[in-house]
Amino acid sequence: MRNDNSQQRSEMYEDVNIIQDDIKDLHDLFRIDLKNLHKKEKENSRAITEIGLLLIISVFVNICMFALLFFIVLKG
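Attention here is on the structure that accompanies the text.

What counts, and where the lines are drawn
- Residues numbered from 1 in each chain as written.
- Predicted model: local features only at pLDDT ≥ 70, side-chain atom pairs only at ≥ 80, totals over all residues.
- Heavy atoms only, no water.
- Helix = DSSP H or I, 4+ residues; strand = E, 2+ residues; numbered from the N terminus.
- Rg over C-alpha atoms; globule rule 2.2 N^0.38 Å.
- Buried < 20%, exposed > 50% of the residue type's maximum accessible area, 1.4 Å probe, protein only.
- Areas by Shrake-Rupley, 256 points an atom, 1.4 Å probe, with all protein chains shown as cover.
- Lys, Arg positive; Asp, Glu negative; His and termini not counted.
- Charge placed at Lys NZ, Arg CZ, Asp CG, Glu CD.
- Phe/Tyr/Trp six-rings, centres within 6.5 Å; stacked < 30°, edge-to-face > 60°.
- Salt bridge = Lys/Arg side-chain N within 4 Å of Asp/Glu carboxyl O.

On a plain count of helices and strands, the chain comes out with one helix and zero strands. The C-alpha radius of gyration of the chain comes to 33 Å, more than 25% above the 11 Å expected for a compact globule of 76 residues. By principal-axis analysis of the C-alpha atoms, the chain measures approximately 110 × 10 × 5 Å. Residues counted as buried form 0% of the 76 residues belonging to the chain. Carbon and sulfur atoms make up 65% of the accessible area of the chain, which totals about 7700 Å². Each charge class in the chain can be summarised by its mean position, and for the 10 positive and 12 negative side chains these summaries are 14 Å apart.

Right, dumping it as structure tokens:
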């Protein structure tokens, strides 16, 4: 009877250890996914900033070209 109880207890501890290991693995995977998500957010933010700067430069160049063309037409 005592051996049965100790064996059952031993099996329960093994099961608990297996479950704890699985939880640790899931936690590590979740942490890695969060790190990747933060990395992608930074990359996306940087890309949006670059696109915004290119748009502003493009608008500025177009305004300068229009002003130059307007000046040439008025001068000529």
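Still more to cover.
Moving on: the packing of aromatic side chains. One pass over the structure, following the stated rule, counts one aromatic pair. With 6.3 Å between their ring centres and 20° between their planes, Phe66 and Phe70 make a pair best called stacked. Placement of the pair is Phe66 and Phe70 together in helix H1 (residues 2-75), with a separation of four residues, close to one helical turn. On the accessibility criterion, Phe70 (48% relative accessible area) is partly exposed.

Counted according to the given criterion, the structure contains one salt bridge. Ionic pairing is found between Arg31 and Asp28, a salt bridge with its closest N-O pair at 2.6 Å. Taken together, the residues Arg31 and Asp28, both in helix H1 and three residues apart, mark about one turn of the helix.

Before going further, it helps to spend a moment on the environment of Glu14. Mapped onto the elements of the fold, Glu14 is located in helix H1. Taking the C-alpha atoms as reference points, Glu14 and Asp33, separated by 19 residues in sequence, lie 29 Å from one another.

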